[in-house]
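# Commentary on secondary and tertiary structure
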Amino acid sequence: MFKVFISTCLLSLATYCHHAHSLEEFEQYKAQSEAKGNKDRIALLEDAHTLLTDPALTAKQRTYVLHRSALHLVRTNQFSLAAERLEHLAAHLTQFPDANFLGKYHWVAGDLAILLGNNTDSKHHFEHAVAQFAKSNDVRMQSHAHRMLANVLSEQKDYFQALSHVFQAKDTANKINNAHLFSAALSTEAKIYRDFHQLDKALDVLNQQLEFQLGEPDISLAHISSTYFSLARIYEKLSDHQAAIDALNKSYEIDTKLDDKNYMGVTQLHIAQQYIELKDLTAARIAIDKANNLFTIVKNEKNLARAHAVQGKIALANAEYPKAIKLITQSLKKLSPQDNKTLFNEFSVKLGEALAHEKPSEAIAHLSGLLDKVSNEDNLIVLQSLAVAFKNLADFEQALHYQERAFAAKEAINQQAITTRLEAKKLNSEIGLKRLEVNELQAGLAKSQQDTKTRTVVLAAAIIVLTNFLLLFYLYHLKRRRVMEKETELLNQSLSLKQQLLADVSHELRTPLTVLKLNIEALEYNLTEDPKTTYKVLQRRLDMLNTLIADIYELAQADTDNLRLEFEQCQAKALFDDLTIAIAPIIDTSDLEVIYINQLSELIKVECDISRLNQVFNNLARNSVHYTDKPGQIKITVMQKEQDIVCTFEDSAPGVSNEALGRLFERLYRCDKSRSRDLGGSGLGLSICEKIIELHQGHIEAKHSDLGGVVIQFTLPIKS
C-alpha cells in the first residue's frame, strides 16, 4: 500500500513538472514570436512543431501556436505548408471557438490568398476578419483588416467601398493613437487614389507617408518598402518609367535587407516590365532572370509563371515570335483566370500578338475569342493584332477593317480617359462633401449661437437707452416706428419670395415624386410588363431629385455666404482650352456643329477656382445642348476686352422672348417647363452660374444670338 502511495506521488510530481516545463516553453515561444524587429522564423517554426506535439498544451495555447506558425510559414514563403496549417487552425477553432483568433485565421488566410493572386478568396477572408475583430473588440486588428480589405476592393475596381474601408482603418487607428497603423492606412489610401486616376492626390499622400516613415526610428522596413513600391506604381501610371525603376530599386534594397525573396522577385518582375516600356531589353532580361531565380528558391509556381510570361513579352518586343509563343503558352497553362482574370487576359492578348506574326490563322482563331471580352487597352491590341494577322494572310480587306476598328477603339479610350477623370473628380468631391457636412453643421450652429448672443446684447443696450432717455421716448418711438415699417416691408418681400420659392420647389418635387409613387405601386402590384424599364424610370427620376436638392443646397450656401472658392492663378488660354475639352462628352454629338474660338494671348493670367468654372461650363453646355434644335450649332468664344476676359456660349434656334430673356437667371424659371423637366433640369443651373461668376468679381448676362438662339456671356477680371 505504501509503495502504491509513493508511486502515485511520484507520477503526480512528474506530471506537474512536465506541465510546468510545457508552460515555460510556451511562454518563451510567445515572447519570441511577439518580439519586435527581425525574428528567426525558422527556429520559431521548429519550436512550434515541438509544442504542437506536446499533449500537455492547452486548447488556448494550441490555438495561439497554430495561428503564429501559420503566419511564420506565410512570411517564409512556405505557402503549401501554410495552407495546411491554416486548415488545422480552422478545424481546431470549430472545436474551441474564439472570435479573436477566428479573425486572425481569416486575416492570415486572406494575406496568403493575396500572395497567391486569388483576390476572390482574399476578399471573403478579410470581410470575415473585420466582422470577427469587431465582435472581439480588437481595434488594432480591425484597422489591419479594414486596410487589407480596402486593398482587395481597389483591385476589383470597387473604389467607393475601398475608400470607405480605408477611412474606417484610419478612424480605428486614431482610436488607439497608433501612428504606424494610420501610416499603413495612408499607403492604402494612396493606392486607391492611384487606381481611380487621382494621381496627384496619391502622390501627395505617399510623399507625406514617406516623410513620416523616414523620420521614425522604429518604423517597419517592410512599410517603407511598400511605400516605395506604391510610388513606383504611380510613376508607371504617369508613364515616367525611369522614376518607377528608381523607386522599385529602393524597394528591392529594403526587401533584400529583410530577405523577403518573394517580394524581391515581384519587384524585379515590375522592374523588367518598366525596362520593356523603355525598350531596354538587356536590362529587362537581367531583372527577369533575378525574378526567376528568387521565385524558384521560394517555389512560388504562379509567380514563376508570371515571370515566364514577362520573358515572353521581352521576346515579343525583340521580334523573337516563336520564343514568345512558347514562353507565354507555358505560362498560361500554369495560371488560372479564376485567380486573376485581368493578368490572364493580358498574357492571352500578348500570345495572340505573337501568333499574329508567326501563325496568323491560329492568331485569328485565338484573338476572336478575346475580342470585346477584355479591357479596352487589351482590346485595342487584339484589334491591331488581328489587322496584322489578316495582312500576313494577304486578306487586305479584313486587315483594313480591323485597323479602322483599332483607330476607333483608340479614340474611344481617349474619350473614356476624359470621362474617367471627370468621374474621379466627382467621386472625390462627393467623398469630401460627406466628410465636411458635419463640420459645416457645427460651424452653422456656432454662428447661430453667436448671432443669438449679439441680438441679446443689442436688446439689452436698447433697454438701457430707453431707460436713460425717457424724455426722448416720443421721438425715438416715431423713428422706431418708421424703421419697423421698413423692416416689415422688407420682411414681407422676403416672405413672399420664400413662399414663391417654396411653392416652386414643391411643384418641382411633386411631379417626380408622383411618378416614383405610381411606378413603385406598379412594381408592387405587378402592373408593369417591363420591370427593367420601370427601374430605369425610377433611377432617372431619383437623379432629377438629387440634382434639384444639390442645386438648392448650393444656392443656399451662396445666399448665406458659405459658398467658398479655392482661388489659384493660372494661364488663361490653357484654362479655357481645358474647360472646353472637359465638356466634350456633353457637346460632342453628331447633330450639333461646335465652334470653339480662343483669341487670348499666352501671357494673360487669371485668378479663379477651376472646379467652379468647370461647373459653369458644364451648366452652360448642357443648356445649349438641351435647348438647341437638331441639327444646330453651338459657338464658344473667348477673347480679351480691356481688363476683362469675355467668354460667350451661343446657340442656334429656337430663341426666347424678350420677357423670358430677362428672367433666365431667376431660380426655377423655365421657358418651356415641360421640356425642361423631361431633360432633367432643375431650373437652377443659370442661378448657380450667376453666383459663381459674381464670386469671381465678374458679370454674367443673356442676349439674343445672331444664330437665332441665346447668347450667355460672362466676364472674368484679368490678373495684373
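Counting restarts for each chain: residues are numbered from 1 in the order of the written sequence. Per-residue local features of the predicted model are confined to residues with pLDDT of at least 70, and side-chain atom pairs are confined, for both listing and counting, to 80 or more; whole-chain, interface and lining totals are unaffected and use all residues. To obtain the side-chain values, all non-hydrogen atoms of the structure were used and water was disregarded.

## Re the UniProt feature "repeat: TPR" (unreviewed entry) in the chain
UniProt positions are given in the numbering used here, feature names are shortened, and annotations may be inferred rather than shown by experiment. Mapped onto the present numbering, the UniProt feature "repeat: TPR" (unreviewed entry) falls at residues 225–258. Taken end to end, residues 225–258 has its terminal C-alpha atoms 10 Å apart, with 91% of it in helix and 0% in strand. The helix count covers DSSP runs of H or I at least four residues long, the strand count covers runs of E at least two residues long, and both are numbered beginning at the N terminus.

## As for the packing of helix α23 (residues 572–582) against helix α25 (residues 610–627)
All axes are obtained by fitting lines to C-alpha atoms, using only the stretch in contact for helices, and the reported angles, taken between N-to-C directions, cover 0 to 180 degrees. Taken N-terminus to C-terminus, the directions of α23 and α25 make an angle of 50°; their axes are 10 Å apart at the nearest point. Considering their axes alone, α23 and α25 lie oblique with respect to each other. Note on packing geometry: the crossing formed by α23 with α25 is right-handed. Taken together, the residues of α25 that come into contact with α23 (itself represented by Leu-575, Phe-576, Leu-579, Thr-580 and Ala-582) are Ile-610, Leu-613, Asn-614 and Phe-617. Following the grouping adopted for this structure description, the nonpolar residues are Ala, Val, Leu, Ile, Met, Phe, Trp, Tyr, Cys and Pro, the charged ones are Asp, Glu, Lys and Arg, and the polar ones are all others, Gly among them. Of the residues contributing to the contact of α23 with α25, the split by class is seven nonpolar, two polar and no charged. By definition in this entry, angles of less than 35 degrees are roughly parallel, angles greater than 145 are roughly antiparallel, angles of 65 to 115 are roughly perpendicular, and the rest are oblique. In this scheme the crossing of two helices becomes right-handed for a clockwise turn of the near helix relative to the far one and left-handed for an anticlockwise turn of less than a right angle. In what follows, a contact means two residues having at least one pair of non-hydrogen atoms within 4.5 Å.

## What about the packing of aromatic side chains?
Between 30 and 60 degrees the pair is tilted, below 30 it is stacked and above 60 it is edge-to-face, where a pair is any two Phe, Tyr or Trp rings, Trp via its six-membered ring, whose centres lie within 6.5 Å. Throughout the structure, instances matching the rule amount to eight aromatic pairs. With a centroid separation of 5.7 Å and an interplanar angle of 75°, the aromatic rings of Phe-26 and Tyr-64 are classed as edge-to-face. Taken as a pair, Phe-26 in helix α1 (residues 2–34) and Tyr-64 in helix α3 (residues 59–75) lie far apart in primary sequence, 38 residues in all. Neither Phe-26 nor Tyr-64 differs from the other in exposure class; each is buried. Measuring from centroid to centroid gives 6.4 Å for Tyr-64 and Phe-101, while their planes differ by 80°, and the two rings are edge-to-face. Throughout, exposure labels follow a simple rule: accessible area from a 1.4 Å probe, protein chains only, divided by the maximum for the residue type, with under 20% read as buried, over 50% as exposed, and the rest as partly exposed.

## Details of the packing of helix α12 (residues 241–258) against helix α13 (residues 261–277)
The packing of two helices is summarised by the inter-axis angle and the distance between the axes. Where α12 meets α13, the axes come as close as 9 Å, and the angle between the chain directions of the two elements is 165°. Put simply, α12 runs roughly antiparallel to α13. As for how α12 packs across α13, the hand of that crossing is left-handed. Taking contact as the criterion, the partners of His-241, Ala-244, Ile-245, Leu-248, Asn-249, Ser-251, Tyr-252, Asp-255 and Thr-256 in α12 are, on α13, Tyr-263, Met-264, Thr-267, Gln-268, His-270, Ile-271, Gln-274, Tyr-275 and Glu-277. In the contact of α12 with α13, the residues fall into eight nonpolar, eight polar and two charged.

## Remarks on the pattern of salt bridges
If charged atoms from side chains of opposite charge come close, those side chains can pair. Definition used for salt bridges: Asp or Glu carboxyl oxygen within 4 Å of a side-chain nitrogen of Lys or Arg. Enumeration over the complete set of coordinates arrives at twelve salt bridges. Here Arg-233 ties to Glu-236 by a salt bridge, and the two come within 3.5 Å at their closest N and O atoms. In this pair, Arg-233 and Glu-236 are both assigned in helix α11 (residues 221–237), three residues apart and thus about one turn of the helix distant. Note on Glu-236: relative accessible area 30%, which makes it partly exposed.

## A word on the confidence of the model for the chain
Confidence in the prediction for the chain averages 81 pLDDT; 81% of positions are at 70 or higher. What pLDDT conveys is the predictor's confidence in a given residue, as a value from 0 to 100. Predicted confidence for residues 673–680 stays below pLDDT 50, and this span has 15 contacts to residues more than four positions away or in other chains.

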